[in-house]
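Chains, contacts and geometry: an overview
One-letter residues, chain by chain:
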Amino acid sequence: WICTFANNQHNLEELAGGPMDTPFVQAIMSPQCKGTVALVDSNMNTLKRVWCIFEDNISTVFARANGKPEHKYDIAAWLEAGDQSVEVEDGNDREIPE
């Protein structure tokens with residue numbers, strides 16, 4: 001299940017109810033879901049978006065506190081060819097060893 005493909009990203013009014021009623025939360029909390037992967041780019045934009053932070057919280061704190069103590073969470077990075085640095089919170093880029 002990929003949120004970008006499952007929800008109309010340009011019309012979120014289609015999502016009825018509150019945040020906990022969204023298809024994302026329902027998918028994470030389903031018994032078939034064993035874990036979540038967050039995909040980040042070299043600017044770490046995923047971790048700067050409020051909705052993504054909400055999804056991260058559901059995937060970690062909420063899932064584990066509400067009946068899914070074994071729920072896995074991982075982060076994968078997508079870097080463009082030749083990009084060997086990642087921006088970190090202090091604003092300084094860090095080189096990625098080859």
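Residues numbered from 1 in each chain as written. Predicted model: local features only at pLDDT ≥ 70, side-chain atom pairs only at ≥ 80, totals over all residues. Heavy atoms only, no water.

Across its full length, the chain carries three helices and four strands. For the chain, the succession of helices and strands along the chain, N to C, is α-α-β-α-β-β-β. The buried share of the chain, taken over its 98 residues, is 27%. Contacts spanning at least 24 positions in sequence make up 56% of the contacts within the chain whose residues lie at least 6 apart. Carbon and sulfur atoms form 55% of the exposed surface of the chain, whose accessible area is close to 7100 Å². (Helix = DSSP H or I, 4+ residues; strand = E, 2+ residues; numbered from the N terminus. Buried < 20%, exposed > 50% of the residue type's maximum accessible area, 1.4 Å probe, protein only. Contact = heavy atoms within 4.5 Å. Areas by Shrake-Rupley, 256 points an atom, 1.4 Å probe, with all protein chains shown as cover.)

Bringing the confidence of the model for the chain into the picture now. Across the chain, the average pLDDT comes to 78, with 71% of residues at or above 70. For the chain, strand 4 (residues 93-95) is the element with the lowest average pLDDT, namely 58, and helix 3 (residues 50-65) is the one with the highest, namely 89. (pLDDT = per-residue confidence, 0-100.)

Glancing now at helix 3. The end-to-end C-alpha distance of helix 3 is 21 Å, a good match for the 22 Å that 16 residues give at a rise of 1.5 Å each. Considering bend angle alone, the principal kink of helix 3 is centred on Ile58 and spans about 40°. Where helix 3 ends, the next residue or the one after it, Gly67, has phi of about 95°, a positive value. (Expected span 1.5 Å × (residues − 1). Bend = angle between axes of the 7 residues up to and from the residue.)

Turning next to the pairing of strand 2 (residues 72-77). In this sheet, strand 2 lies alongside strand 1 (residues 35-40) in parallel orientation, the contact comprising six bridges. The residue bridging Thr36 from the neighbouring strand is Tyr73, located in strand 2. Taken together, strand 1, helix 3 and strand 2 constitute a β-α-β crossover, and its handedness is right-handed. (Pairing = 2+ DSSP bridges. Right-handed = clockwise from strand over helix to strand, strands pointing away.)

The subject of this paragraph is the side chain of Ser59. In this fold, Ser59 is placed in helix 3. Engagement of the side chain of Ser59 in a polar contact is seen with the side chain of Thr36, the distance being 3.1 Å. (Polar contact = N/O pair within 3.5 Å; in protein donor to acceptor, adjacent residues only side chain to side chain.)

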